[in-house]
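# Structural overview for review
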Amino acid sequence: MARQTIHSDQAPKAIGPYSQAVQVDSGKMTFLSGQIPLDPVTMEMVQGDVVAQAERVMLNLQAVLKAAGLDFSHVVRSTIYLTDLGDFVRVNEVYGRYFTGAPPARATVQVAALPRGSKVEIDAIAVS
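None of these values were measured; they are calculated from a predicted model.

## Observations regarding the pairing of strand β4 (residues 75–82)
Burial analysis of β4 places six of its eight residues in the buried class, which makes it a mostly covered element. Note: β4 against strand β6 (residues 120–127), seven bridges, orientation antiparallel. For Thr79, the partnering residue across the bridge sits in β6 and is Asp123. For β4 and strand β5 (residues 105–110), the ladder comprises six bridges, and the chain directions are parallel. What sits directly across from Leu82, in β5, is Gln110. The β-α-β motif built from β4, the intervening helix α2 (residues 88–97) and the parallel element β5 has right-handed crossover chirality.

See below:
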């Protein structure tokens, strides 16, 4: 996959683990549904704070990527949904650990509620 990170000095620099834009030539696109912190074995919400929830969400995304023959390096776009934007810094730290190369383009939004009382949900688009 030809993947290029785009940057413009005429727009604000990224203030976290995301890129202003990611450009891909072509390939197979995989759209990952939003993941919440459900344990895949018990189907129960992970106990703990937003950090524990974010970690489980990233592991769930990683499992779906792996099932598609992909990994986080293939992710070109993601959205983080938080019920409290005050959790942004802590979720951002967890999220950032999963992107060792150039991170994808990303949006983060605060929402009124998420399924099952989750504090965080993340979806993604990957290209191979």
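## Here we look at the side chain of Gln53
Relative to the elements of secondary structure, Gln53 occurs in helix α1 (residues 50–67). A distance of 2.8 Å separates a polar atom in the side chain of Gln53 from the backbone nitrogen of Lys119. Setting aside anything within four residues of it in sequence, one finds Gln53 in contact with Pro37, Met45, Val46, Gly48, Ser118, Lys119 and Val120.

## Digging into the environment of Val46
When you line up the elements, Val46 lands in the loop between β3 (29–35) and α1. Along the sequence, Val46 and Arg77 sit 31 residues apart, while their C-alpha atoms lie 25 Å from each other. With residues up to four places along the chain from it excluded, the contact list for Val46 reads Pro37, Asp39, Ala52, Gln53 and Arg56.

## Quick word on the environment of Ser8
Tracing the backbone through its elements, the reader meets Ser8 in the loop between β1 (3–6) and β2 (21–24). Between the C-alpha atom of Ser8 and that of Ala21, which follows or precedes it by 13 residues, the distance is 9.3 Å.

## Things to note about the confidence of the model for the protein chain
For the protein chain, the mean per-residue pLDDT works out to 91, and 98% of the residues sit at or above 70. When pLDDT is averaged over each element of the protein chain, α2 comes out on top at 97 and β2 at the bottom at 74.

## Regarding the sheet that holds β6
Read from one edge to the other, the open sheet built from four strands follows the order β3-β6-β4-β5, with strand pairing classed as mixed. Bordering the open sheet on either side are β3 and β5, each of which pairs with just one other strand. The mean angle between the axes of side-by-side strands here comes to 10 degrees, regardless of whether they run parallel or antiparallel. Each of β3, β4 and β6 touches α1; the most contacted strand, β3, lies at about 150 degrees to it.

## Topic: the environment of Thr100
By secondary structure assignment, the location of Thr100 is in the loop between α2 and β5. Sequence-wise, Thr100 and Pro17 are 83 residues apart; in three dimensions their C-alpha atoms are separated by 9.6 Å.

About the criteria used
- Residues numbered from 1 in each chain as written.
- Predicted model: local features only at pLDDT ≥ 70, side-chain atom pairs only at ≥ 80, totals over all residues.
- Heavy atoms only, no water.
- Buried < 20%, exposed > 50% of the residue type's maximum accessible area, 1.4 Å probe, protein only.
- Helix = DSSP H or I, 4+ residues; strand = E, 2+ residues; numbered from the N terminus.
- Pairing = 2+ DSSP bridges.
- Right-handed = clockwise from strand over helix to strand, strands pointing away.
- Polar contact = N/O pair within 3.5 Å; in protein donor to acceptor, adjacent residues only side chain to side chain.
- Contact = heavy atoms within 4.5 Å.
- pLDDT = per-residue confidence, 0-100.
- Axes fitted to C-alpha atoms, helices over the stretch in contact; angles between N-to-C directions.

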